[in-house]
Each structure stands twice: as structure tokens, then as C-alpha cells.
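Close look at the chain arrangement
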Amino acid sequence: MVRTPIALALAASCALAAARDVSAQFEGQAPLEILFGFTLIDGTGAPPIEDAAIAVRGNRILTVGRRLELLSGPDAPRDAIATNLGGGYVVPGLIDAHVHLATSPNRERAEAELYRMLYGGVTAVRDMAGDARALASLARDSRLGLIPAPAVYFSALMAGPSFVSDPRPQSSATGEVAGEVPWMQAITPETDLVVAVAQAKGTYASGIKIYANLEPALVRGITAEAHRQGMKVWAHSMVFPTRPLSVVEAGVDVISHVCRLAWEGMAEAPTQYHHDQVPLYGNFSAGSPIFTELFDAMRANGTILDATLAMYARAENDPDDPLSDRCDLDFARALVGRAVAEGIPIVAGTDFTLPVDAPFPALHDELEELVRGGGLTPMQAIESATRVAAEAIGVEETHGKLEHGRPVSFVLLSGDPLEDIANLRTVRAVWKDGERYDRTAYRRTVTEVESEPAAPATGPADPQAALDGWLRAWRRYDLDALGEVLHQDPSLTFFPNDREGVVVGYGAVRAYHEELGFAPGGFQPDSELWLEDVRVDSFDDASVVTATWHFGNRLLRAEAARGPFTMLVSRTRSGYRITHLSMGNYGAVSPSAPNVPARLGSPGTPGPSARR
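Okay, so let's go over this structure. Counting from 1, residues in each chain are numbered in the order their sequence is written. With the structure being a predicted model, the display of local features is reserved for residues of pLDDT at least 70 and the display and counting of side-chain atom pairs for 80 or more, all residues being used for whole-chain, interface and lining totals. Excluding hydrogens and water, the side-chain values take into account all heavy atoms of the structure.

**Re the packing of aromatic side chains**
Two numbers describe a pair of aromatic rings. These are the distance of the centres and the angle of the planes. Note the threshold: Any pair of Phe, Tyr and Trp rings, taking the six-membered ring for Trp, is counted once the centres come within 6.5 Å. Such a pair is stacked with planes under 30 degrees apart, edge-to-face with planes over 60 apart, and tilted for the rest. The helix and strand labels rest on DSSP assignments: H or I over at least four residues marks a helix, E over at least two residues marks a strand, and numbering proceeds from the N terminus. When a residue's accessible area, from a 1.4 Å probe over protein chains only, is under 20% of the maximum for its type it is buried; when over 50% it is exposed; and in between it is partly exposed.
Counted by the stated rule, this structure contains 22 aromatic pairs. For the ring pair Trp474 and Phe518, a centre distance of 5.0 Å and an interplane angle of 85° mean the geometry is edge-to-face. Of this pair, Trp474 sits in helix α15 (residues 463-476) while Phe518 sits in the loop between α17 (506-516) and β21 (528-539); the two residues are 44 residues apart in sequence, bridging distant segments of the chain. Its relative accessible area of 4% is what places Phe518 among the buried residues. With centroids separated by 4.7 Å and ring planes inclined at 20°, the aromatic side chains of Tyr477 and Phe518 adopt a geometry described as stacked. With Tyr477 in the loop between α15 and α16 (479-483) and Phe518 in the loop between α17 and β21, this pair connects stretches of sequence that are 41 residues apart.

What follows is the structure, given as C-alpha cells:
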């Protein structure tokens, strides 16, 4: 869009005349204010307006244009309050389109992160699945101005039943059963999608997040029903087993994670999600023809790409980062560049947070990576965090641009972001819903900045102690030792390997182990449980342990029962406690395996030896 001086003057004249004509009805309300003295980048992609001005009343933009037309023209109101912002650049409030504020809800940390975002220029976020009870509370308090925070829009997750044993949905459904709550639903071909989507919408979610372990037909069905009920659909680019092209053809609005687009180029792909799955990046390049069909489909469907590029860039230089070996960064950057060249809209989303003492939120890292690594121009990057992000959320009629009738949400910068995208960090002030937040008023939150919190006075002192205690309990079938590490709460969940569904609550989990032969004080069993390929990933007040469990005789390892293992250890008032466990199976076990409990091996194998 190209604006001529005549067009700008005419638009400003009409808007100001309208404002003057209806000024009487605003008696006793917010005054008419004209902000001037800056260059305006309005989020539409149009050239900047130098010596610009914005006329506002309360939380409503009346018009934007040049200062001379708004303040000195024949229709300029004489009762307006004129405020000189003193130079600089104005952009719409930024939007981070991929955050996680309540995977394991912690209100203090969420508010601290939102506070940092707001003073860093972020006026809205899209949360990509968590505990909707906590998210709805944050969204409400932000909207009412009870906390200094961006507007919060969030999703309700849908996935195959096998995914809900993952510790993240377990944590997000604490106190309830993951897969059976409206914000975290397990979907099967028998699910009534009309009801499922209606329940999700009832949580105040703006969209459905399609995560993993769903066949193409279900992805299509969820998408169609969500759209029918007026909800957006946001999906992982690879849903397992549904590949990226099928996800796009299902009609979803946004797909996340550029690296997972690589699965479209694989001859074979896993049928279920696991975080360690990595495509063979050396088998193709960003220029491979396989991606031509994919981008053609995205362009035809208007699909937005949530690249999360900075997340992969950070991992590249950190061998301890869980993502360090799961994405080829050169491939990811090149594929984002090709997507831009193909006309695919890119939205700025982070999917990570920075240390609490970092002065600015992670969105700035993403925008800088999109420009320097992904090949976006600074203007395109700004659009990715304004206009495109608003479209991704579904609030494009009110957010993402600075135009007549929209809320007063924008950022005043000292430096020109079109010259250097890092100048988005030169925040002088932020307006969010008509309220001004000066950067000089920003104070670093004290939450965990000065030092790590002391461990609770009772119970395991850290996640490793909880894991070690659990292993000791198994070595002696000690029911008392088990009680020292399990979360003694109704929210405890356990997916055993011998039955469908979940064991819920400490009492039920304890009874289950009693059935296995666990007893107070324990005894020396004939067989041993041990873990291999152990990995511990820490997230705020929780740690996720993944491994392969083995049960049997270490000297006869090939005959031992084994399977995938996931444990969630959370910080509680009684120490670090195990709040979720999942133990699956890797095939059948040799019938000759000595004293392998049926619940850890194949059906019919001998149970644990009797207590001596």
C-alpha cells in the first residue's frame, strides 16, 4: 500500500471532523489527544510516515497521519491535547505467537515473564497449550488491568491418547486426568468432535492446538469442526503420523516448528511422537522439490509458518540443550528463507524463555534471528510480530496495525528498527490499551534472580535425589521408601505397562505397588530394575526424566523386560516429589526370564518371588 500526501490529508481530515462532530458525547470522558513527533511504522508494510501523529481518545485510535494535517490543518480540533513524544519511531505493540506460561503453572513466574514482555514492547501473546485454568486467570487479569501484562490468548490441546502420558499434559492437568479435561483432550475416531470442540471453546481458548499422534482424518475433522465453531486451529508441522503436507491440506491456520517440515522429505516417518526423533537432514536440502508442493499448498491455504527459528539457533551453541542435536540449523534457516521467497507468511514465536535477569524478552531474539538467519527484511520481521501475528491469533480486525478504531497499543523506540532490527530493543515507552508504561520504570523482578531458592526442608532435596530414592525403593520393594519420593496427593498419576489407562492418586498408586509385592521395610527381590539412557531436562520447578527401564538380571540383559520410561519430578512443599510416571513396553520378553513381574514383562511371565 502506497500512501500519497493527498490521501493522508483526506483521511486525517475526515477522521478529525468526525471526532469533532461527536465530541459532545465524550463530555466527562477521556479527552482527545494528539501524539506527535515520531516516525510511524504502522504494521501494514507501507512505507514509514515521517513527522507523524496519532489522534486518540482513551483506548481508541481515531486516526493516524502527518503532524501538519492533524495539528495545523483546517479541520484540526482546537480542544485536543497535543503531546510531543520527542522523536523516535513508533511500531504497533509486538506479539509473541508461541509462549508457554502454564505448562506447570507458577503464577509468580508467569507474572514476572509477562511483566518483562510488556516493558520490552510485547502487548499480546499466544500461549500454545498449558493449564487453561491458570491461563484464563492470567488473561482475565491482564484484560482488566489488574496486572501489568500483555493480552493473553491461549489454546486447548488435542492429541492421540498415547500422548497424554507425556509429563507436560500431566502437569497441565494436575488434579484432574490428562486427556479428559477440556483444555487437554485425548481424541479417537469415536470422539464426538462437536462436543470436544465446544468443551475446548468453553475454557475461553482462542484456538485448538493439534499436537501429536493423530491420523490425517482426525486432523481434518478437528480442523473443520473448530472452524465451524469459530476457533482457530494451530498445529505442529508434523503431527505423527500425519505429515506436514497433510496437516496443511487439512486446513489448519498455523503450523509450528520449521525443522519438523523436514519429515515431508523422509521416505519413512514415525507413527507416534517422541522428542528424540530426528529426520535425516543430509538426505535433502531446503531447495528440494519435495518442499515445492508443500509451500504451494501453504500458499493456497493461507497457512502461516511459526518457525521458532531462534529456539534452534540457541540450541546450536549449547550441547546441554535438549534440541542441540534435533535440528540442522543451516537447513532451518535456508527453509525459512525459501518460505519467505515463496510468499509464505512467517509469524514470530519463541517457544522458550530467557534467564530471569535478561532485560528483554525472547521475542527480540526471534526477530533478530529471522532477519539475520532466515533472510526476512526488518519490515517483514516487524510484520511477523504485528500484522501476521494478529492474523495467526484471529484478532486482525483489532490488533497488529495502527489504524482508525483500533486499541491504543504501540511501542515508542529511540532507534530505527528498519535500519537494524535490534533497535526494537531501544524501547522508551509502551502503550497497551491506552495505558503508558515507561521503560525507565521497569524493575528487574527478584524472582530467582539473586540466587536459586533453597530446597524445601523435607523430602528429596532435588530431582536427582527423588529419582535415586525411587530406584532404591525398587531394589528392595520397599513401600516406605516409595512413599518418601512419591507425591502423596490425589494429583499423582501413573501409567503402568500392564493396563490401559492411568492410575490416579497416591492411594491408588501405593495399592498398585502393594499388588506387585512391595511391603513396608522391603526385602531383597530376585530381579532388579535399572535405567539406561537416562536424560534429565529441567523446566522451572519441574524436571522430566526420560530413559529405558530394564527389569530382570543384568547378566542376562537380552532377556530382561524393557520399555520407555518417563518421570516428572516437581517441587512441592515436601521436597521434590514424583508427580507422574509412565512405563511402556518394548515388545515381548523371553518366557525364560527369571522372576520378571508380569506387570513389567509379557503376560504369563512369573511374578516377583515371595517375601522371605
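**Describing the state of the cysteines**
Using the following cut-off: The disulfide criterion is simple: two cysteine sulfur atoms within 2.5 Å.
The final tally for this structure, using the stated rule, is 1 disulfide. Disulfide pairing places Cys259 opposite Cys327 at an S-S distance of 1.5 Å. Taken as a pair, Cys259 in the loop between β13 (254-256) and α9 (290-301) and Cys327 in the loop between α10 (309-316) and α11 (329-341) lie far apart in primary sequence, 68 residues in all. Its relative accessible area of 2% is what places Cys259 among the buried residues.

**Concerning the sheet that holds strand β23 (residues 561-572)**
Here is the rule we go by: Two strands pair if DSSP finds at least two bridges between them.
Pairing is mixed across the open sheet formed by 6 strands, whose spatial order is β20-β19-β24-β23-β22-β21. This sheet does not close on itself; its edge strands, each paired only once, are β20 (503-504) and β21. Summarising the sheet, strand β19 (residues 493-495) and strand β24 (residues 575-583) pair through 3 bridges and their orientation is parallel. Within β24, the residue paired with Thr493 across the bridge is His580.

Keep in mind these values describe shape, not function.
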